[in-house]
Each structure stands twice: as structure tokens, then as C-alpha cells.
Amino acid sequence: MANNFVHLHGHTEYSLLDGLSKVKKLIKKVKELDMPAVAITDHGGMFGAIEFYKEAVKVGVKPIIGCELYVARRSHKDKEGKLDTEPYHLTVMAKNHQGYLNLMKLVSVGYLDGYYYKPRVDRELLSQYSEGLIALSGCPAGEFIRSLKSGDLKDAEKVAKDYLKIFGEGNYFFELQNHQYDLLLKNPKLDPSVKRELERMGEVQNLTWGAVSGLSKKLGVRVVATNDFHYVDEGDSEAQDAVVCVQTGKFIKDINRLRMIDTPNLYLRSAPEM
């Protein structure tokens, strides 16, 4: 019997200079793990959608086409300095053909009208093209998690209600991840700066879990577990780290940089692992 767990947040090689998952290798692994379906949610684009769909259908895996959209903090047409260079991340997937068409529209507008360092959409566009789409609250770069404050959930609750209104009841989910920072911090050889960053990320993760625990019941929003995979096999972490260095113009030996390798479980984990 196939495993019930399905990965709904993942990056292929089409998340340029960030993801390392080759589509054929990804689908082969999903089949080996006996998972019935898998989603791809590449950053800002759908460049891998057709290849992904064909490879998945070929071996009897249900393809779920999605995108990790960049949502502008203001309008997608605002392009002023640093204020508009840091959009929020939002995990979005098509649940039917209309959703696929709307997702293509959003991505296209993001590149044609909203491009400012990254292809961006905004809440108005999401409302306009929400039919057939399912959204997850997102990773730590998402608006929901960014709005969390220890002991005060008012802002986070408002964000969740706003997205519930945009996508409709039953089409918005809280997204939870567990990257086991408590275990990683037990490594006595950690560089102090790496340790501080892992501690910070662990605090954010714990805060998210606590907030979702309360708001899920209060708002009637269901919860989805994801792993935000960027490569297929556990042993691919060093190669993916090299790709990130190319993206950021850094050397592997540099400590103070974007380092996903410090969270070495961003691979296609099996159902028992999840």
C-alpha cells in the first residue's frame, strides 16, 4: 500500500541556483518511496511544470503543480529601494485545471509587471486569480511566520484571516516544518555563528508550532506538514551548498553566508522520517 504522506513543498533544479532536484531523479525517488503524489513549488516560476507532469504521469505518480510565489509587501508595481526588495513567500498549488491557468497567470504577471529583483504578485492579484488554488501559509519567509510575535498573535491571526478570505474556506492551510534544530545543536563542533543562527531558527520554528496550535482550532484552519526539500538524497547537501555559493557569490569556506547545509535534512524524506 502506498504511503499516505505526500511532499507539498519542494524545489527542483528550476529553482535556479537554489534547488538541486533533477526532475527525473525526483520522480524516481518518489516512486521508490511508494508515495502516491508529489508537488513542486519552485521559486517564482513554473519552468519545470511540463517536464514534471510528463515524468510523473509516466510512472503513475500524481503530479501536483505549484509555485512558491513572491508576494509584495505593498503593490506588485511598487519598486522603491529596500522596501520592495523583500517580498513574502507563499506556497500555492493548483487543485484543478482552472487553478493551473490562474497559477500561470499569476506567475506571468509577476515577471511582466511585478519584477523587482524577484517576480512578485500582491494580495489584489491573488484575490483576482484565486479560483482553483490552494495555499499554505509558507516557510519562515512567509508573511504568517514573519508576523508572529512571542505572546501576541493578533498580527498573525489577521494575516491568516486575510488569506482565508482570499482563497476561501478549505483552501488555506497552516504549514509546519520540523528541521530538528534541537538535534543539530548537539554537535560540539558547531561554529559559534552557525550555532547562534540554528538557535534563532529553532526559536522561530517553536514559536510557529505554538501559534499554529492555537490558531488552527480558533480559525478552523487545518495543518499541513512539509519539508521544503531542495535536493533528492541526503548526500546531495554539499553539492546544493555549492550551488547556493554560486548564487550568492560566496566561497564554501565562508561561514557568514546563506548556508542551507547547516540544516542537512532538506531532502525528499521518507514517510517514516517525516
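To start, this report covers the structure provided alongside it. (Residues numbered from 1 in each chain as written. Predicted model: local features only at pLDDT ≥ 70, side-chain atom pairs only at ≥ 80, totals over all residues. Heavy atoms only, no water.)

Quick look at the packing of helix α1 (residues 23-32) against helix α2 (residues 49-58)
Here is step 1: Relative to each other, α1 and α2 sit at 35°, their axes nearing to 9 Å. Crossing angle aside, the handedness with which α1 passes α2 is right-handed. In this structure, α1 uses Val23, Lys24 and Ile27 to contact α2, whose residues at the interface are Glu51, Phe52, Glu55 and Ala56.
Here is step 2: Taken together, the residues that form the contact of α1 with α2 break down as four nonpolar, no polar and three charged. (Axes fitted to C-alpha atoms, helices over the stretch in contact; angles between N-to-C directions. Helix = DSSP H or I, 4+ residues; strand = E, 2+ residues; numbered from the N terminus. Left-handed = near helix turned anticlockwise from the far one by under 90°. Contact = heavy atoms within 4.5 Å. Nonpolar A, V, L, I, M, F, W, Y, C, P; charged D, E, K, R; others polar.)

Considerations on the layout of surface pockets
Here is step 1: Taken as a whole, the second largest pocket holds about 320 Å³ of empty space.
Here is step 2: When residues of the lining of the second largest pocket are traced back to their parent elements, those giving at least two are β2 (62-71), β3 (88-94) and β5 (133-136).
Here is step 3: Considering each element in turn, the lining of the second largest pocket owes the most residues, four residues, to β2. (1 Å grid on protein atoms, 1.4 Å probe; cavity = no way out; pocket = protein on both sides within 12 Å on 5 of 7 lines; lining within 4 Å. Points joined across faces, edges and corners; volume = space filled by probe spheres on them.)

Describing the environment of Val194
Here is step 1: Tracing the backbone through its elements, the reader meets Val194 in helix α8 (residues 192-219).
Here is step 2: Since its relative accessible area comes to 5%, Val194 is described here as buried.
Here is step 3: Taking C-alpha positions, Val194 is 22 Å from Leu17, a pair spaced 177 residues apart along the chain.
Here is step 4: The contacts of Val194, once residues within four sequence positions are left out, are Ile255, Arg259 and Asp262. (Buried < 20%, exposed > 50% of the residue type's maximum accessible area, 1.4 Å probe, protein only.)

A closer look at α2
Side chains three or four residues apart in an α-helix point the same way, a direct result of the helix having 3.6 residues per turn.
Here is step 1: Restricting attention to buried positions, one finds in α2 the residues Ala49, Phe52, Glu55 and Ala56. Each buried residue of α2 sits inside an arc of 140° when the element is viewed along its axis, so together they form one side. Residues of α2 that are exposed and point more than 90 degrees away from the buried face comprise Lys54 and Lys58.
Here is step 2: Against the buried residues of α2 lie α1, β1 (37-43) and β2. (Arc of directions from axis to C-beta.)

What about the pairing of β5?
Here is step 1: Sheet topology note: the β3/β5 ladder contains four bridges and is antiparallel. Looking across to β5, one finds that Thr91 is bridged to Leu136.
Here is step 2: As paired elements, β5 and strand β6 (residues 172-177) share two bridges and run parallel to each other. Paired with Ala135 across the two strands is Tyr172, which belongs to β6. (Pairing = 2+ DSSP bridges.)

As for the side chain of Asn102
Here is step 1: Residue placement: Asn102 occurs in helix α3 (residues 97-112).
Here is step 2: The contact partners of Asn102, leaving out residues within four places of it in the chain, are Tyr129, Ser130, Glu131 and Leu133.

As for the pairing of β3
Regular strands place side chains that alternate from one sheet face to the opposite one.
Here is step 1: Among the seven residues of β3, seven are classified as buried, and the element is accordingly described as predominantly covered.
Here is step 2: Of the two faces of β3, both are covered, the one formed by Tyr88, Leu90, Val92 and Ala94 as well as the one formed by His89, Thr91 and Met93.
Here is step 3: Of the pairings in the sheet, the one linking β2 to β3 comprises six bridges and is antiparallel in character. The residue bridging Cys67 from the neighbouring strand is Val92, located in β3.

Some details on unusual backbone geometry
Here is step 1: One non-glycine residue, Leu17, lies in positive phi territory at about 55°.
Here is step 2: Position of Leu17 among the secondary structure elements: in the segment before α1.
Here is step 3: A relative accessible area of 41% places Leu17 in the partly exposed class.
Here is step 4: Even without glycine at this site, Gln180 takes up a positive phi of about 55°.
Here is step 5: Position of Gln180 among the secondary structure elements: in the loop between β6 and α7 (181-184).
Here is step 6: Accessibility expressed as a relative area gives 26% for Gln180, which makes it partly exposed.

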